[in-house]
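# Structural overview for review
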Amino acid sequence: DAKTTQPTSMDCAEGRAANLPCNHSTISGNEYVYWYRQIHSQGPQYIIHGLKNNETNEMASLIITEDRKSSTLILPHATLRDTAVYYCIVRSGSSNTGKLIFGQGTTLQVKP
Amino acid sequence: DVKVTQSSRYLVKRTGEKVFLECVQDMDHENMFWYRQDPGLGLRLIYFSYDVKMKEKGDIPEGYSVSREKKERFSLILESASTNQTSMYLCASNLGGLFGNTIYFGEGSWLTVV
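First things first, this report covers the structure right here in the doc.

About the criteria used
Residues numbered from 1 in each chain as written. Chains lettered and ligands numbered in written order. Predicted model: local features only at pLDDT ≥ 70, side-chain atom pairs only at ≥ 80, totals over all residues. Heavy atoms only, no water. Contact = heavy atoms within 4.5 Å. Buried area = accessible area lost by both parts, 1.4 Å probe. Salt bridge = Lys/Arg side-chain N within 4 Å of Asp/Glu carboxyl O. Polar contact = N/O pair within 3.5 Å; in protein donor to acceptor, adjacent residues only side chain to side chain. Helix = DSSP H or I, 4+ residues; strand = E, 2+ residues; numbered from the N terminus. Nonpolar A, V, L, I, M, F, W, Y, C, P; charged D, E, K, R; others polar. Phe/Tyr/Trp six-rings, centres within 6.5 Å; stacked < 30°, edge-to-face > 60°. Buried < 20%, exposed > 50% of the residue type's maximum accessible area, 1.4 Å probe, protein only.

## Description of the interface of chain B and chain A
Taken together, the 23 residues of chain B in the interface contact 21 residues of chain A. Of the roughly 1,800 Å² buried where chain B meets chain A, counting both sides, 48% is carbon and sulfur surface. Our count for the contact surface shared by chain B and chain A stands at 0 salt bridges. Seen at the junction of chain B and chain A, the total is 5 residue pairs in polar contact (both at pLDDT 80 or more). If you list the elements that add at least two residues to the side of chain B that touches chain A, you get β5 (31–38), β6 (42–49), β10 (87–94) and β11 (104–105) of chain B. Counting residues per element, the side of chain B that touches chain A draws most heavily on β5(B), which supplies 4 residues. For the side of chain B that touches chain A, the residue count by class is 12 nonpolar, 8 polar and 3 charged.

## Focus on the packing of aromatic side chains
Under the counting rule described, the total for this entry stands at 8 aromatic pairs over all chains. Each ring, one from Tyr35(B) and one from Phe105(B), has its centre 5.5 Å from the other, and the planes form 40°; the classification is tilted. You can see Tyr35(B) sitting in strand β5 and its partner Phe105(B) sitting in strand β11, a full 70 residues away along the chain. Of the two residues, Tyr35(B) and Phe105(B), neither departs from the other in class, the shared state being buried. Aromatic rings pair up to connect Tyr36(A), Tyr46(A), Phe33(B), Tyr35(B), Phe48(B), Tyr104(B) and Phe105(B) into one cluster.

## A word on the pattern of salt bridges
Residues and elements named next belong to chain B. Applying the stated criterion across every chain, the model contains 8 salt bridges over all chains. Two residues, Asp28 and Lys71, come together in a salt bridge whose shortest N-O distance is 3.1 Å. Highlighted residues: Asp28 in the loop between β4 (23–25) and β5 and Lys71 in the loop between β8 (64–70) and β9 (73–78), separated in sequence by 43 residues. Classification of Lys71 by relative accessible area gives partly exposed; the value is 23%. Residue Glu30 pairs with Lys71 through a salt bridge whose shortest N-O separation is 3.0 Å. With Glu30 in the loop between β4 and β5 and Lys71 in the loop between β8 and β9, the pair connects residues that are 41 residues apart, well separated along the chain. For Glu30, a relative accessible area of 30% puts it in the partly exposed group. Among the charged side chains, a network of salt bridges with common partners joins Asp28, Glu30 and Lys71.

Note that every value here comes from positions in space, so none of it alone points to a role or purpose.
As structure tokens, then:
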């Protein structure tokens, strides 16, 4: 699975949009971009994933560049409960081994 | 919503004790996984199972065993707990196959071995 690069930390004001970038320049054609977050002392929570097209669900939006070498997770109206470590992962669509490489992630601090 | 439930959130066990960590998923997922997560080491796969009574070793199986007697349940067993097994343990599952690759995690079980 391709490697990802994320900023170590970011701050966001409550109620504003949080935009979390991720670089995955070595992504291959069959690899999806997945986002998870982990709130302190809890298990990782799945947020969203995509292959080529932009995706939106009730939690977030995922914008993937046309060359697929980077993506941005958007939390449209951040709340204090969105404070967490956010992980961007690329993973083959057909991989069934369960191996997940969580890098350092981005620690998002939402401030009042 | 997918629900992966781990039976114990916090456990304290003595060195040498046998420890059972239980996990249940309610989405009829084929695959189930056990990981441990440690600061600086990230997520490491211990064992996974792709069917009832089937299991595969992950990256760090030593000192652990697993059991999957029913599709929805996957147990992690520490035969003789040691202090270096103090960690957060995460159970996860996914449907498997080309379009079921999203892995869903439980809340985690914090195990302290003293």
